[in-house]
Amino acid sequence: MRTQHEIGTRERIVRATSRLMQRQGYEATGLKQISQEARATLGSVYHFFPGGKRELAIEAVRHGDREFAEFLHAAFEREDDPATAIVTCTRDLARGLRESNWLDGCPVTTTALESAGREPEIQRAAEEAYENWRTLVRDKLTRSGFADDVAHDLAHSVINLLEGAELSAQVSQSEAPLEIAGRHLARLVDSYR
């Protein structure tokens, strides 16, 4: 059984990796930088992640998955109406990006894109994250009375547009892409009622 200190160190390493890969990508993030950012020794990084950077990147993607799933869940709990919840999500994403000085986009997408074609395990972890998020959206829609097939397709559209709009907002350093996406997604959801 691990001690509380070990659990804390491992979590710091994962969070630091997620944040670094979110900001600078997989290739530019080194284990030495991760250990420094996490306030952990390089030996601790290898102790918890003997598979090195690849293993750590997979866990960072899973961490990003959990963070965004919690974000979606919180928005869906605050708002009964799924269209309103989606608008809330886009506003919250835009505010978070602005507050991070446009640095903290999606850690899953950044890492997955940079490792595409070369790191199949990272790709699988990213696809699992997207599927998890689509499931959350789909479940919200089905609980709100949407047919299963409609909820399935809308969930894909919502996650695809959120991811694209977040990237566009980050690149343009503007909240507008997310605000526009939120409005249009709300209209799309409302059109299926």
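In this text the structure is predicted, and so the values were computed from the model without any measurement. (Residues numbered from 1 in each chain as written. Predicted model: local features only at pLDDT ≥ 70, side-chain atom pairs only at ≥ 80, totals over all residues. Heavy atoms only, no water.)

### Some remarks on unusual backbone geometry
In this model, asparagine 101 sits at a positive phi of 60°, which is unusual for a non-glycine residue. Take asparagine 101: it is sitting in the loop between α5 (82-99) and α6 (107-115). Positive phi is not limited to glycine here, since tryptophan 102 has a value of about 70°. Looking at where tryptophan 102 falls in the secondary structure, it is placed in the loop between α5 and α6. (Helix = DSSP H or I, 4+ residues; strand = E, 2+ residues; numbered from the N terminus.)

### Here's the deal with helix α9 (residues 176-191)
Over its 16 residues, α9 extends 23 Å from the first C-alpha to the last, a length consistent with the 22 Å expected when each residue adds 1.5 Å. Within α9, the full set of buried residues consists of Pro177, Leu178, Ala181, Gly182, Leu185, Ala186 and Val189. Down the axis of α9, the sector holding all buried residues measures 160°, keeping them to one side. The elements touched by buried residues of α9 are α5, α7 (120-143) and α8 (148-172). (Expected span 1.5 Å × (residues − 1). Buried < 20%, exposed > 50% of the residue type's maximum accessible area, 1.4 Å probe, protein only. Arc of directions from axis to C-beta. Contact = heavy atoms within 4.5 Å.)

### Quick word on the packing of α5 against α9
Their axes nearest at 8 Å, the elements α5 and α9 cross at an angle of 170°. Accordingly, the angle class assigned to the pair α5 and α9 is roughly antiparallel. Facing α5, whose interface residues are Pro82, Ala83, Ile86, Val87, Thr90, Leu93, Ala94 and Leu97, α9 presents Leu178, Gly182, Leu185, Ala186, Val189 and Asp190. For the contact of α5 with α9, the per-class residue count stands at eleven nonpolar, two polar and one charged. (Axes fitted to C-alpha atoms, helices over the stretch in contact; angles between N-to-C directions. Parallel < 35°, antiparallel > 145°, perpendicular 65-115°, else oblique. Nonpolar A, V, L, I, M, F, W, Y, C, P; charged D, E, K, R; others polar.)

### Points about the nonpolar core
Formed by 44 residues in total, the largest nonpolar core has its most connected members in Val108 and Trp133. Those elements giving two or more residues to this core turn out to be α4 (52-78), α5, α6, α7, α8 and α9. The next biggest cluster of nonpolar side chains, apart from the first, holds twelve residues, and it includes Ile13, Ala38, Ala40 and Val45. (Core = buried A, V, L, I, M, F, W, Y, C linked by side-chain atoms within 4.5 Å.)

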